[in-house]
Amino acid sequence: MTLAIFLSILSLHLVAAMSPGPSFVVSVRTAASEGFRPAFGLAVAFGLGAVIWALAAMSGLSILFEIFPRAYLAFKLAGGLFLIWIGYKTFRHAHDPLPETTLLASPRSLANAFRLGLMTQLSNPKPAVFFGAVFAGLIPPETSLAVKGLLLFFVFFDETLWYVIVARLFSRQKARQAYGRAKLWTDRALGGMIALFGVRIATQ
């Protein structure tokens, strides 16, 4: 694999990671409502989730989805329902007051945030198809395990870094104050967006 191909794969993944989706919406809402620490846990989980989907694509999961479309449908339905549930909970708790986040305590533990992030990332099987298409077209069959491992590391790095940036931006005091002033309608809008992503994943 040439350096140009390696960088092309990472560039395509970074663009895909930065495109708005359920992970982005969950990250923004968590950072604004609960602060940087839980949103950082989400970011690490999103990175791990991207690696899992990329590794699955390398193992032929995207081909398996093509051979057994019902398996892909089951993944989509399960993931879509999970996101709809997250959206419903966000909408339902829109009236709840904005929790105070301090250096000593967080409304959501890192472990809890990590679980939420991983489940959110894995609820969408489309990354497996994305990675499958990119890898099939750009990774030569003779590529060594070391190069594939390095590629997976940078997939994790790209995804995590992007969501750490999102977490930092939306957990700033001004962002939290703006969110607090419009929490009711913001949570309703974000909850609706997450649920809509769930519907799209389940039906497309």
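Up top you'll find the structure we're talking about.
Predicted model, so just to flag it, every value in this text is computed and none were measured.

A.B. asks: How would you explain the overall build of the protein chain if you had to name every residue and give the values?
C.D. replies: In terms of regular secondary structure, the protein chain is built from 10 helices and 0 strands. Each helix and strand of the protein chain, placed in order from N terminus to C terminus, yields the pattern α-α-α-α-α-α-α-α-α-α. Since a compact globule built from 204 residues should have a radius of gyration of about 17 Å, the 18 Å found for the protein chain is in line with a globular shape. Reported as C-alpha extents along the three principal axes, the dimensions of the protein chain are approximately 55 × 35 × 25 Å. Counting over 204 residues, the protein chain shows a buried share of 44%. Sequence separation of 24 or more characterises 90% of the internal contacts of the protein chain that already satisfy a separation of 6 or more. When the accessible surface of the protein chain is split by element, carbon and sulfur atoms take 71% of a total near 10,800 Å².

A.B. asks: Could you give me a rundown of the packing of helix α5 (residues 69–92) against helix α10 (residues 183–203), with the residues and numbers involved?
C.D. replies: Where α5 contacts α10, the two axes come as close as 7 Å, and the packing angle between them is 170°. Of the possible angle classes, the one that applies to α5 and α10 is roughly antiparallel. Together, Lys-76, Leu-77, Gly-80, Leu-83, Ile-84, Ile-86, Gly-87, Thr-90 and Phe-91 of α5 and Asp-187, Arg-188, Gly-191, Ile-194, Ala-195, Phe-197, Gly-198, Val-199, Ile-201, Ala-202 and Thr-203 of α10 make up the contact between the two elements. For the contact of α5 with α10, the class distribution of residues is 11 nonpolar, 6 polar and 3 charged.

A.B. asks: Break down the packing of aromatic side chains for me, with residues and values.
C.D. replies: Under the criterion given, the structure shown has 8 aromatic pairs. For the pair Phe-24 and Trp-162, a centre-to-centre distance of 6.4 Å together with 15° between the ring planes defines the contact as stacked. Here Phe-24 is found in helix α2 (residues 22–34), whereas its partner Trp-162 is found in helix α8 (residues 145–170), with 138 residues between them in sequence. Residue classification places Phe-24 among the partly exposed residues on the basis of a relative accessible area of 22%. Between Phe-36 and Phe-40, the aromatic rings sit 5.9 Å apart at their centres with planes inclined by 40°, giving tilted as the arrangement. Of this pair, Phe-36 and Phe-40 are both found in helix α3 (residues 36–58), 4 residues apart, which corresponds to roughly one turn of the helix. Its relative accessible area of 24% is what places Phe-36 among the partly exposed residues. Through a chain of ring-to-ring contacts, the aromatic side chains of Phe-6, Phe-153, Phe-154 and Phe-157 assemble into a single cluster.

A.B. asks: Any chance you could break down α10 for me, citing the residues and the numbers?
C.D. replies: The end-to-end C-alpha separation of α10 is 30 Å, in line with the 30 Å expected for 21 residues at 1.5 Å each. Along α10, the residues classified as buried are Lys-183, Asp-187, Leu-190, Gly-191, Ile-194, Ala-195, Phe-197, Gly-198, Ile-201 and Ala-202. The buried side chains of α10 occupy one side of the element, clustering within an arc of 150° when seen end-on. Of the exposed residues in α10, the ones pointing more than 90 degrees away from its buried face are Trp-185, Leu-196 and Thr-203. Where α10 is buried, its residues contact α2, α5 and α9 (173–181).

A.B. asks: Any details on the side chain of Thr-120? Residues and values, ideally.
C.D. replies: Structurally, the position occupied by Thr-120 is in helix α6 (residues 110–122). Polar side-chain contacts of Thr-120 include one of 2.7 Å to the backbone oxygen of Leu-116. When neighbours within four sequence positions are excluded, Thr-120 is seen to be in contact with Pro-22, Ser-23, Val-26, Phe-46, Phe-82 and Leu-83.

Conventions adopted
- Residues numbered from 1 in each chain as written.
- Predicted model: local features only at pLDDT ≥ 70, side-chain atom pairs only at ≥ 80, totals over all residues.
- Heavy atoms only, no water.
- Helix = DSSP H or I, 4+ residues; strand = E, 2+ residues; numbered from the N terminus.
- Rg over C-alpha atoms; globule rule 2.2 N^0.38 Å.
- Buried < 20%, exposed > 50% of the residue type's maximum accessible area, 1.4 Å probe, protein only.
- Contact = heavy atoms within 4.5 Å.
- Areas by Shrake-Rupley, 256 points an atom, 1.4 Å probe, with all protein chains shown as cover.
- Axes fitted to C-alpha atoms, helices over the stretch in contact; angles between N-to-C directions.
- Parallel < 35°, antiparallel > 145°, perpendicular 65-115°, else oblique.
- Nonpolar A, V, L, I, M, F, W, Y, C, P; charged D, E, K, R; others polar.
- Phe/Tyr/Trp six-rings, centres within 6.5 Å; stacked < 30°, edge-to-face > 60°.
- Expected span 1.5 Å × (residues − 1).
- Arc of directions from axis to C-beta.
- Polar contact = N/O pair within 3.5 Å; in protein donor to acceptor, adjacent residues only side chain to side chain.

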